[in-house]
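The lines below spell out each chain.
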Amino acid sequence: MPKEIFDNLQLILDAITDGIVVVNHLGNVLYTNHSAERIFERDNLLGKTLAIPVNTNIDAPQEINLVRPSGIGWAELRAAPIQWQGKQAYVIGVRDITDSKLKDDRLRQAAAVFDNIRDGVMMVDDKLRITHINTAFTEITGYTEEEVIGKPSSLLRSGRHDTEFYTQMWHSIATTGHWQGEIWNRRKNSEVYPELLSISVVTDKSGIITHYVGVFADISKLKASELQLDFLAHHDPLTRLPNRLLLLSRLEHAIKIAQREEKTLALLMLDLDRFKEVNDSFGHLAGDELLQQVAQRLTSRLRSIDTVCRLGGDEFTILLEEITHLDDAALVATDLINALCEPWQLSKDTEVRIGVSIGISLYPDHGNKPEQLLQQADTALYHAKAEGRGCFKYFSENISHAARTRMDIEVRLRRGISEGELRVFYQPQVDINTGRIVGAEALVRWQDPLNGLVSPTLFIGLAEKTGLITSIGNWVLNEACSQGQRWLAAGLPPLTIAVNVSPYQFRYSHIDKVVNEVLTETGFPAHYLELELTESALMQREDEAILILERLHALGVTLAIDDFGTGYSSLSYLKLFPLDVLKIDKSFINDIPQYQSDREITATIIAIAHTLHLKVLAEGVETAAQLKFLQEQGCDLYQGYLTSPALPAAEFVQLLKKINK
Ligand code: C2E
Ligand code: CA
Ligand code: CA
């Protein structure tokens, strides 16, 4: 070592940044350089005691904490034993590592934060491949590190945003270095969820983008609570029904759709009768409970597409969408009036009775604006209340009147059915060649105490609309089979009894089951029962219709197509269905023999029906000329006033005996 080193040793030692300290075995400082004093932040260390370990060696540095006036620091020590003035001592190199240590810790802290924050963090490189993710990322997306590192970030895309959305996002990142917004992404389990995402760029020293960091929060829960807030804003807190605000927006929407599809809407305004009495006598809690129950009962009586709202107090509104007939609203109103009349069971064994008055406005009849319809329903409600409560009123008087008449009929018909006011008349079916009665069509009549004998043309339509037709039809079927069986038992020659089946009955009730039951109960032989179906019943959902017909056939009953020529009237189409008899509608028979076209049509129908192995029956034969023509064309059977109108059973038997003698 050059001599100069020794000469300048003190200077050299002071020049190095690491501290150099010599201590004896008690830790008393024997020597320090400048840096040591700087590191320990002590001016005069000589003779002082430093609590530093000496049992370390040059090659294995040891980290220690430094307690300094400015705070805690870190030092790295390397020690070596030396001889100092003939005694054992130690030279210690002290490196201040406080700065790097702090930086290191910050990193570790950052890493800890990275992993512990609830936000998902994802780093992608400049080619948008994922380089880092944190624990929350895995929790939110369901993807583990192994599954995503190196993969394109587009793996999370939900498909809910268009290219435009991503273009704008990247444009913002490129110009401002930042983007924040709500975005829908997709979890590993393919569930789509909303997240609040902020993306920042990471650049290197020269400003070139190396990475992008995305920090995101799963806001599906937040969204849910927003929805909750939204729900509260649009619903009545007591009944949880939609409020006026929501009603208006639904109404507006419904009007738009109804306009487009040319449909009718009805708005019902309800006001409870005697609600105030309940409130006054049983208290507000009872009143609230009643309102909740009313809400439930109303909702349960309506279709899911109908909107029930509470406007406040004891006022409710119902929006009926897609009503097929003006009377539908009246039917609903009547049903609700009846339903709310029923007693109410409140807690504490309280039973109360209330009623309801209803005002109805219709779109488009009464207007095309939400507020307008509400207003008019309200006016109608006022009139309903004035009329004496517990009733409904349309905004316009003549609709009210017409509906009420029909409703009256319905109410009376319902009662008539249960009171046994229906009758079955029998019209003979005659074999054209022999002139003998071989069967009878059962035709229903209603013996109305008020209006006398009512024709089915006046009530079958209404019965079909209200569903009453099923009970009427089943009753007629049962009555006709019982009668047929009684005739057989009385020794009359066997007759085919034809019973009409309404399209409604055919489609919505289990007709084959009902027929089977009736045959079993009455004992009437299946092969004497003929069911008359219309084309309209068969043409909808043919596959199902064929199945039902086959089941009926399997029971042994005969099947006829009624009113042929008034509907779809395709003979080749009829081939699809297992039928036995074709009944040519009266309208073709009427003008025979005057009109050539009717003659031709009738002749053709008979000929084709025969090639399809169908027997042909002509309806409504009133003249001998008509009968002669049908005979010439080979028609098999006929019905008509020429022989007889439909008759009560007893009269029918008399006629039968006279003709078939
Ligand atoms: P429909 O099935 O076509 O019955 C024939 C109708 O024509 C009967 O009228 C009958 O009285 C009438 N009629 C028969 N011969 C003549 C004639 O020579 N001249 C004229 N002008 N009319 C004749 P009705 O009994 O009033 O029945 C009308 C319709 O009511 C029936 O037409 C049928 O569609 C329906 N209907 C009757 N009873 C029932 C039933 O029990 N269930 C179902 N679903 N519908 C029934
Ligand atoms: Ca018929
Ligand atoms: Ca007919």
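This section reports on the structure supplied with the text. (Residues numbered from 1 in each chain as written. Chains lettered and ligands numbered in written order. Predicted model: local features only at pLDDT ≥ 70, side-chain atom pairs only at ≥ 80, totals over all residues. Heavy atoms only, no water.)

1. Examining the overall build of the chain
Step number 1: The secondary structure content of the chain amounts to 25 helices and 27 strands.
Step number 2: For 661 residues, the compact-globule estimate of 2.2 N^0.38 gives 26 Å, and the C-alpha radius of gyration of the chain, at 48 Å, exceeds that figure by more than 25%.
Step number 3: For the chain, the residues scored as buried account for 45% of the 661 residues in total.
Step number 4: By sequence separation, contacts in the chain at least 24 residues apart represent 56% of the contacts at least 6 residues apart.
Step number 5: Looking at the chain as shown, the accessible area adds up to about 34,200 Å², and 53% of this sits on carbon and sulfur atoms.
Step number 6: Between the centroid of the 65 positive side chains of the chain and the centroid of its 88 negative side chains there is a distance of 2 Å. (Helix = DSSP H or I, 4+ residues; strand = E, 2+ residues; numbered from the N terminus. Rg over C-alpha atoms; globule rule 2.2 N^0.38 Å. Buried < 20%, exposed > 50% of the residue type's maximum accessible area, 1.4 Å probe, protein only. Contact = heavy atoms within 4.5 Å. Areas by Shrake-Rupley, 256 points an atom, 1.4 Å probe, with all protein chains shown as cover. Lys, Arg positive; Asp, Glu negative; His and termini not counted. Charge placed at Lys NZ, Arg CZ, Asp CG, Glu CD.)

2. Notes on the sheet that holds strand β2 (residues 29–32)
Step number 1: Pairing is antiparallel in the open sheet, where 5 strands are placed in the order β2-β1-β5-β4-β3. In this open sheet, the two strands that pair with only one neighbour each are β2 and β3 (62–68). Recorded for the sheet is a direction-independent mean angle of 35 degrees between the axes of neighbouring strands.
Step number 2: When strand β4 (residues 71–84) meets strand β5 (residues 87–96), the two strands line up antiparallel, connected through 10 bridges. Bridge pairing links Glu76 to Arg95 in β5. (Pairing = 2+ DSSP bridges. Axes fitted to C-alpha atoms, helices over the stretch in contact; angles between N-to-C directions.)

3. Regarding the site of ligand 1
Step number 1: Taken together, 21 residues form the shell around ligand 1, and within it Gln427, Arg445, Lys586, Glu622 and Tyr641 come nearest.
Step number 2: Contact distances for ligand 1 include 3.1 Å between an oxygen atom and a side-chain N or O atom of Asp562.
Step number 3: Residue Tyr641 places a main-chain N or O atom 2.9 Å away from an oxygen atom belonging to ligand 1.
Step number 4: In isolation ligand 1 has 790 Å² of accessible area, and contact with the protein removes 82% of it.
Step number 5: Contributions of two or more residues to the shell around ligand 1 are made by β19 (437–448), α15 (456–466) and β23 (558–564).
Step number 6: With 4 residues, β19 is the single largest residue contributor to the shell around ligand 1.
Step number 7: Split by residue class, the shell around ligand 1 holds 7 nonpolar, 7 polar and 7 charged. (Near = heavy atom within 4 Å. Polar contact = N/O pair within 3.5 Å; in protein donor to acceptor, adjacent residues only side chain to side chain. Nonpolar A, V, L, I, M, F, W, Y, C, P; charged D, E, K, R; others polar.)

4. Considering the coordination of the calcium ion (ligand 2)
Tetrahedral metal sites with four donors have an ideal angle of 109.5 degrees; octahedral sites with six donors have ideal angles of 90 or 180 degrees.
Step number 1: With distances of 2.1 to 2.3 Å, the protein atoms coordinating the calcium ion (ligand 2) are Glu441 (OE), Asn500 (OD1), Glu532 (OE) and Asp562 (OD).
Step number 2: Here the donor residues for the calcium ion (ligand 2) map to a single chain with the spacing E-x58-N-x31-E-x29-D.
Step number 3: Separating the calcium ion (ligand 2) and the calcium ion (ligand 3) is a distance of 3.9 Å, and Asp562 donates to both of them. Taken together, the positions of Asn500 in strand β21 (residues 496–500) and Glu532 in strand β22 (residues 529–534) put the pair 32 residues apart, joining distant regions of the chain.
Step number 4: Residue Asn500 is classed as partly exposed on the basis of its relative accessible area of 27%. (Donors = N, O, S within 2.8 Å, 3.2 Å for Na, K, Ca; no water.)

5. Things to note about the coordination of the calcium ion (ligand 3)
Step number 1: The protein atoms that coordinate the calcium ion (ligand 3) are Asp562 (OD), Asp563 (OD), Glu619 (OE) and Glu619 (OE), at distances of 2.1 to 2.6 Å.
Step number 2: Along the chain, the residues donating to the calcium ion (ligand 3) are arranged with the sequence spacing D-D-x55-E.
Step number 3: Asp563 sits in the partly exposed class, given a relative accessible area of 25%.

6. Comments concerning the pairing of strand β8 (residues 178–186)
Step number 1: Of the two faces of β8, the one lined by Trp179, Gly181, Ile183 and Asn185 is fully buried and the one lined by His178, Gln180, Glu182, Trp184 and Arg186 carries no buried residue.
Step number 2: Here β8 runs beside strand β9 (residues 192–203); their pairing, made up of 9 bridges, is antiparallel. Each residue of the ladder has a partner; that of His178, found in β9, is Ser200.
Step number 3: Linking β8 to β9, which pair antiparallel, is a turn of 5 residues; within it Ser190 sits at a positive phi near 70 degrees.

Keep in mind these numbers describe shape, not what the thing actually does.
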